[in-house]
Every structure is written in structure tokens, then in C-alpha cells.
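These are the residues of each chain, in order.
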Amino acid sequence: MAPKVTMETGGLPLELWRMILAYLHLPDLGRCSLVCRAWHELILSLDSTRWRQLCLGCTECRHPNWPNQPDVEPESWREAFKQHYLASKTWTKNALDLESSVCFSLFRRRKERRTLNVGPGHEFDSLGSALAMASLYDRIVLYPGVYEEQGEIILKVPVEIVGHGKLGEVALLASIDQHCSTTRLCSLVFMPAWFSPIMYKTTSGHVQFDNCNFENGHIQVHGPGTCQVKFCTFKNTHVFLHNVPLCVLENCEFVGSENNSVTVEGHPSADKNWAYKYLLGLIKSSPILLPTDDTDFLMSLDLESRDQAWSPRTCDIVIEGSQSPTSPSSSSPKPGSKAGGSQEAEVGSDGERVPPTPDSSDGGLSPSGEEDDEEQLTYRLSYQVQGPRPVLGGSFLGPPLPGASIQLPSCLVLNSLHQELQKDKEAMALANSVQGCLIRKCLFRDGKGGVFVCSYGRAKMEGNIFRNLTYAVRCIHNSKIVMLRNDIYRCRASGIFLRLEGGGLIAGNNIYHNAEAGVDIRKKSNPLILCNQIHHGLRSGIVVLGNGKGVIRNNQIFSNKEAGIYILYHGNPIVSGNHIFKGRAAGIAVNENGKGLITENVIRENQWGGVDIRRGGVPVLRSNLICFGYSDGVVVGDEGKGLIEGNTIYANKGCGVWMMSSSLPHVTSNHVSYNGLYGVAVFNQKEGFGEFPGGHGAQESFSEDGDAILWETELEKEDDPLRRPLTIALVESNSINHNGASGLFVQSIEALQVLTNVIHANGDRGITVAQSIQLTRVANNSISCNRQSGIKVDAPCKVEIRGNGIYDNRGHGIITKSDGTAVVENDIIGNRGSGLQLLPRSDTKVLKNRIHSFRAYGIAVRGRVKALVQENTIFQGKANKTIFQQITNNRECIIQNNKFLVFKKKSDTWRLVNPPARPNLENSLRGSSAVQSGQKVTAMGTRISARVEGGYHSNRSIFCTIL
């Protein structure tokens, strides 16, 4: 009886009331809470005292956060006790239906439940004898001891079987087959009988296990049967769920399984028993694991602004136009410094001029202000090079600061899981769905397998820990899984394995320190992988192969030993919005005919290439940020293909893009800047690439059960318009600027097209062609402000240089000693060295160019040269320099029909008209280009500049020895 007192002002203190009420039992606490509002609030305030004592003192349950976090207190002890109390009554819910039958209104069974005691000194000595006398919903209490049943026990009436005393004092060696509608078993240790490994089986009813131990046997539940399991331990025990409509496993521990701990097989049965709706209501009433705010990931701006920031941009070349909004205006020489024109450039051994570096905002030379008044040129060509609008805003425009921390723009910070689910209604529906088996807050450890879902099975896993297993979860044969906020680590193979059209949602999980891939997707599986942390794997983070698909979005994938994401054998996922960083190999590797749509990812600080494409890999790589890598940004290796479009490739220590033998990529509309070596390097050397240190590639096998590479016969043949076949590698419409060595370096035995690029302010030459056995076509590019020559062509090479604008480079405009070079219709203006320099033993056609040099010759010929110089317009530079260097005893150099312009007075003005200043893209042949963007040439008045950082580097890539 509740004490009849009131809490008035001046009465007992609340602390004293709490001390008094702490002695009450559960029924009395319930009555006290009904006295008044003040008493109700007082009872609720006993959460950390009396309610905690009641919860921990209950022999039918354990700590609410057992087994994963037994040291962490729940948010409310009262709520935890309430949830357990309600769950313990679920098994009797259909008793009301039986009692309400009209037919038996006169013969209604008594509501009192009998208690049958089993054990030495009690009325029954065995479980079988007690069951023979039990009625509906009776309680059978087993006292401490070992009970071994010699035959199969068949449960024909609903009963409750409870062990008395502490868990472990009552052991039951039996094989039980449930034929009744419901049963509850509590505080028992189950072991298999001598004649069968099956400890418990039901095919239609509902069974509830609370606080039990199961050792070395099997439990089988067949649909439409259901089960609810809480606070149980399974030691080398297999739980088999076949066609179950709904089963719940909560706060359980699975230890030392020799096979799978839990198998969910078959599509959930459409025929549901009486307990289905009660289990569903219990699940929905319990607290969920998805909070409204996510602390695992940083918050970011709304998705719309992020998508706008990452829209692919094309390359605009502007000549005689307004100042770029993203670049500083040209600066005058510093006070006290001597003008750049007062120093003569030094001539290198190959005839290339390497002049001293002036103080300039972009490393270029301005015609105005660099000479003394008496040497001032009246000819002026101010120009501006404007590349693609940077996708990242101002933070990545300038040179990277040594030692500075990396600050990503807010538009690139990952969304939280809650934000992603709010955005993706299909993912939200999957996250909220409950079908088949629900496994929640369980621990799987020290065994072979965790959860195996097969043959159209359905399973949902929330807040579990999988550790020290061979694998955590396998999903095959058209099955679906939903995995939310699980920890998966130290698996001896892959953490999550999907094959044969498996799918579902894998979201918010922490997957790390696994011996194989964190997630392995094969054979047409198609999951949604969302907002996970996949890190410190001993191999790759995610592997997609054998026609595997999937959507990989908004994950953090970092510090894996091999590629963060590895796509091969016709794997074709959609990879978007991920952060892939600090890997010990490549960020993303596409190999062995792998595909994939790879968009809007941040790929940074990886040891090998940010993206590595080899052996028939044909991905679409679009609008990614690939930065701060310790090697190259993008590597296209042997027979690599694909579309590389609209990416920002920034501040990698190696090259921006490295292309190797027999590769046919389409590299277009990328922003390649501030990389340590070349902006784009094309190397065609097959020796030295056969062995690679400890990475992905030929040494890596993703076989399972010996079926390594047997998918080739079942691979799909897809006609993807994004991957149109190319017969020639294509570098088109890129902005290549401020890289440490040449903007573009070519050493190849295969054909190459270099079209409509902006190559600006690089630390060495604009373009270097060291070897070109087949034709390299350099057309309609803007090549400006590079630290040495605009273009250099070595022997032996076959190069066509047509329609380019080559402006304001610090060396010569073009240097060639090739025996197969055509220089046609270019504007070679304002370079410090000669406009065009022909070295000994070269064979060059120079046709219809406009050439001017400030200090040196328009065209300089050194030694024995075979050349045809025809129909060029050559402007005079300094007054004391001739337009054309004298040629003696060289009958193979034919000079005819050229136009020479010499200024007569300082008021003379020359303009580039008919056609206007090149590159003139309107007249270029770009019908085969995939980038039909608004590149245009406009009139101009001012110029902008950009700083040149770094010097000449070796012509070898830091990263050229994988696969």
C-alpha cells in the first residue's frame, strides 16, 4: 500500500523521500506514481537509484548495454527496465484472444497460472514429466542441476520454462520441438542431447529466449514461426532462420562459431503468425539507433550548393579580354629593381634560352614597363589566359603553403548520415524497413562467420560489433541486408561480402583493420554504401569486381594498405561524394576491364596515384578533387582508357596526369595545377614496369573458394555512351598551369592529340616532345608564361604544331631538332628567346605563322638545317636585332614568300587580325570532341599573370612502377 502522505512545503526534503521510496518494490512504485503529479515526478527521479537496482537485480536480463558496452549506462534505467518487462510479456499476448472466445465463455480457463517445480525434492524430477501435467501458460521452474532428456521433447501447450538461481546453475540437455503457438525460456543453459545437434526447433509458433546460454548445437526457426532472443550467449551455436517473417535478436553474444553464427535463408513468409504484429510494435516502440544529428561526420552545406560547386566546367581561352575575376592584375616591377630587359638571357647547350627570373605576379613578362624608354616597343599584345572556373573557390587558386594544414571548402565537407537519408527517400525507406531478421546490439567474435543471408533472405543489423571473424556478413543469391552503425574489424577475410545479386543498404558503419577488403561486391550485387568509415584495411577499402555494381556515396575511406576503392573485372559502381585519403597505395584503382562512374570525390594524400587506371580499365572520372598526393594525380597505365573530365588535379608531388604505354584515355576539361613534376606526362616505356612493390595489380587475387578469375564467360557486354572508343589518346581543353616541370611531356611511340588546352606558367617548358614515333598533333592550344620555351621538339619526333597561341614564354617560342615537324598557322608572340629556333639536323616546315620576339630573332637557324619557311609574317623585335638570323652555306633551308614588318616610328601599332589572335577555336576541327563547350576568343585590353613556383625536375615520375 502506498503511504498516504503529501509533499507540502516544509515537509520532508526530496532527498529523504527518495531514500524512503528506494525500499519499495515494483508494484508499490507503480501505485505511488499514481497518487499525484508530484509523486509521479518523484518516482521518475529515482532513475539512477531504485530503477537501476531493479534493472540490475532482475535475474532474467543483464546490463542494458551488454555485451558491447557493459560499462556505459543507458540513458534511462527505468526505460531499459520497462522495455525488458514489456518484452518478457510478449509471448502471452495471444492469451487474450483465447479467453475472448464466445464458444468457451461458460468454460473459460482460470486466469491463475500454476507453477510447476522440477528438481530434487520437488514435485517433478524431469522436464518431460512436468510438461505432461502442464496446462496453458503454466510456469515450469527448474531448480539447479543438470537435466538430460533421453528423447525428443514436443511442446504441445504454451508454457514458460525458467531456471531458478543464477545463470549457469541449470543445464538442459534436450532436443525440443515446439508445436504450440508460443513458449518462453529463461535463465537456462542449453546443450544438445546425445541423439541430435538440434537444441530447439519451431515451424509455426513464437519462441522467446531470455538470458540463456546455448552451447555446441543448433536452433532452427521456420516461417511463419517467429522468435525473440535477448541477453543470450551462443557458443559455437548456429541459429538457422528459414523464411521467417520477423525475428529479433538483441543484446546477444555469439562466440567461436565453426560456421555461420546466424543464417537467414529464404524470402520472408507471407503467412504470419499471431506474434508478428506484436514484435513489429515492440521494435517500433524501442529507441532507434539513428539520431537526428550525426556526430560521426562533419556537417556541410546543403546539397544544392555542393552540386553547383562541382558542376563540370570547360576551358575558356580569352585573348584581348577583360581581367579574370580569379586572378590578380599584373604588377609593375618592384621599386629599386632593374628592369628585366637590362639582362641578357643565357644560352644553354641546346640553344634554349634560360633567362633570369623577374619579379612578376605570375612569372610572365609584360611588354609594357620591362624596357627602358629608348628600347620601348610600340608593338604591344596584352593577353589573358582564363581556364575553367575553379570548382573549389579561392582556397585552391594559389600555390600550396609548405606545412600548412589542408582546409577543404565547406561545399566539400561530407554530409551526415541523417542528411543523406533525408535526401534519399529510397535509402530512408530501407533504413526504416524491418523484415526477416533484426539483429541489434549483438557481439559476434572469435569465430568463422557472423551473419549469412542467402536465397532471397532479408536481414537488418543495427549497432552490432563483429570482430576476429573470418568474415562479418555474407549476402548472396538475391538477398538484401540493411546494416546501420555496426563495428566490423579484424576479420581474416573481407568484412562485408556481397555476391550473386545481393544488395541493400550499408550505412554509418565503422569498418577497419580487416585482412581483405572492407566491403567486397561481386557478380551483379548492387548495394548502397553510404556514410561509412572504411579504414586501416590490410588490403583495399572497397572492391567491386565480376560485374558488381553499387552506389558508393559520402564515405570516408582512408589509411588502407591498397587502393581505397578497387574496380576490376567489369565492376561498374557509381562512386560519388567520398573522401578517399591517406592510403598507402592508390586512392581509386580501375583495372582488368573495370568501369565505374567516379564523380565529385575528394581524393587526397595517397601514397600512389590518386586514381590509377590500367589493363582495359574504362571509368568515367568526372569533377573530382585529386590533391596533395605523394605521387601522381591520375595514372593511366598499360591499356588504360576512359573519360577523365572536369577534375581538379592539384598539388600532387608527382605529375598531374601520367599516361603510359598503350593507354587511350580522353583527358578533357581538367584543372591541372601546382603539381610537383609535369602537368600531363605521356610515357611509352614498357621496360621497368613489370614488378611493383606490395600493391594492387597482378599480384592481387580476389578469389574465393578457388574461383579466382572465372567470371569472364558471364560478363555483361554493355554499350555505354560515356565510354566511346578512342583510337588515339586525347588531351583536350584542359587548364595546365603552375606545375613544377613542363606542362605537357611526351615520350611516346603512339599517336597523341593535344587540342585546345591552356598551358600556362609551368616551371619548365609548356610542351616537351622528347619522342614521338607516330604523329603527335598539337593544335589550338594557348601556351603562355612558362619558365622556359613554349614548345620543344627533340629528335626523332613527328609533330604537327598548328593553330596555337604561344605567348610570353621565358625561353624560345618553339625549339625543334626533329626531322618531322610541321609548324603551321601559329601565333608565336612575345617570347624572351627567339620565336622559332631550328637546331642542327632538323627538318621542319614553317608555314603561315605570325612570329615575334622581344629581344631575339623571329626565326633562328643553327647549323645545318633542312627547312621550308614560307608565307610567315615576322615582326621586328629590338632595333638592334635582325628579324631573321643570317644563314650561310645552307641550301636546304628554303625561305620564300614571307612578310617582314619593321617599325619605323614609335607610334606604329600592329594588331593580330584576319584571323584574330590564336588559338581561334571557331575554325578548329573539333567535331569528334566530347566537350562541346563555349570556348571562344574575344578582344582584350589588359593581361593577368600567375606566379611560377618550383624549378626543373627530373623527367621520371615519382609513381611509375605499379601494376
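What counts as what
Residues numbered from 1 in each chain as written. Predicted model: local features only at pLDDT ≥ 70, side-chain atom pairs only at ≥ 80, totals over all residues. Heavy atoms only, no water. Phe/Tyr/Trp six-rings, centres within 6.5 Å; stacked < 30°, edge-to-face > 60°. Buried < 20%, exposed > 50% of the residue type's maximum accessible area, 1.4 Å probe, protein only. Helix = DSSP H or I, 4+ residues; strand = E, 2+ residues; numbered from the N terminus. Lys NZ or Arg CZ within 6 Å of the ring centre and 35° of its normal. Arc of directions from axis to C-beta. Salt bridge = Lys/Arg side-chain N within 4 Å of Asp/Glu carboxyl O. pLDDT = per-residue confidence, 0-100. Contact = heavy atoms within 4.5 Å. Pairing = 2+ DSSP bridges. Patch = residues over 30% accessible without salt bridge, like charges linked within 9 Å, V, L, I, M, F, W, Y side chains within 5 Å. Areas by Shrake-Rupley, 256 points an atom, 1.4 Å probe, with all protein chains shown as cover. Polar contact = N/O pair within 3.5 Å; in protein donor to acceptor, adjacent residues only side chain to side chain.

Side note on the packing of aromatic side chains
Right, so step 1: A full pass over the atoms with the stated rule returns 17 aromatic pairs.
Right, so step 2: Aromatic pair Y200 and F209: ring centres 5.2 Å apart, planes at 85°, arrangement edge-to-face. For the residue pair Y200 and F209, the accessibility class agrees, reading buried in each case.
Right, so step 3: When the ring of F214 is compared with that of F234, the centres are 4.8 Å apart and the planes differ by 5°; the resulting orientation is stacked. Placement of the pair is F214 in strand β12 (residues 213-215) and F234 in strand β15 (residues 233-235), with a sequence separation of 20 residues. Judged on exposure class, the residue F214 and its partner F234 are both buried.
Right, so step 4: Taken together, the ring pairs connect F190, Y200, F209, F214, F234, F254, F444 and F466 into an aromatic cluster.
Right, so step 5: Just above the ring of Y471 sits the side chain of R474; from NZ or CZ to the centre is 5.3 Å.
Right, so step 6: The ring of F581 carries R604 above its face, with NZ or CZ at 4.3 Å from the centroid.

Let's talk about helix α3 (residues 37-44)
One turn of the α-helix equals 3.6 residues, which is why residues spaced by three or four share an orientation.
Right, so step 1: Within α3, burial applies to W39, L42 and I43. Mapping the buried residues of α3 onto a view down its axis gives an arc of 100°, with all of them on the same face.

A few points about the pattern of salt bridges
Right, so step 1: Considering all chains together, one arrives at 27 salt bridges under this definition.
Right, so step 2: A salt bridge links E462 to K460, with the nearest nitrogen and oxygen atoms 3.9 Å apart.
Right, so step 3: Accessibility expressed as a relative area gives 7% for K460, which makes it buried.
Right, so step 4: Its salt-bridge partner being E516, residue R539 comes within 3.0 Å of it at the nearest N-O pair. One end of the pair, R539, is in the loop between β33 (533-535) and β34 (542-545); the other, E516, is in the loop between β30 (510-512) and β31 (519-522), with 23 residues separating them in the sequence.
Right, so step 5: The buried category is assigned to R539, whose relative accessible area is 14%.
Right, so step 6: Salt bridges linked by common partners bring R139, E160, R184 and D210 together as one network.

A short note on the confidence of the model for the protein chain
Right, so step 1: For the protein chain, per-residue confidence averages 78 on the pLDDT scale, and residues scoring 70 or more make up 72% of the total.
Right, so step 2: Of the regions scoring below 50 in pLDDT, residues 923-963 engages in 165 contacts with residues more than four places distant in sequence or in other chains.

What about the pairing of strand β47 (residues 641-645)?
Right, so step 1: Within β47, four of the five residues are buried, leaving the element largely enclosed by the surrounding structure.
Right, so step 2: The sheet contact formed by strand β44 (residues 620-622) and β47 spans three bridges and is parallel. Bridge pairing links R622 to E645 in β47.
Right, so step 3: Sheet analysis places β47 next to strand β50 (residues 664-668), joined by five bridges and oriented parallel. The partner of L643 across the bridge, within β50, is H666.

Topic: a nonpolar patch on the surface
Right, so step 1: On the surface, L16, M19, I20 and Y23 cluster together into a nonpolar patch covering about 440 Å² of accessible area.
Right, so step 2: Examined against the element boundaries, M19 turns out to sit in helix α1 (residues 14-21).
Right, so step 3: The exposure class assigned to M19 is exposed, which follows from its relative accessible area of 52%.

A few points about the side chain of R614
Right, so step 1: With respect to the helices, strands and loops of the structure, R614 is situated in the loop between β43 (611-613) and β44.
Right, so step 2: Within the structure, the side chain of R614 is placed 2.7 Å from the side chain of D612, a separation counted as a polar contact.

Regarding the environment of M133
Right, so step 1: Turning to its location among the elements, M133 is positioned in helix α7 (residues 127-133).
Right, so step 2: In the structure, M133 is positioned 17 residues away from L116 in sequence and 8.7 Å away in space, judged by C-alpha atoms.
Right, so step 3: Contacts of M133, omitting those with residues within four sequence positions, involve R114, L116 and F124.

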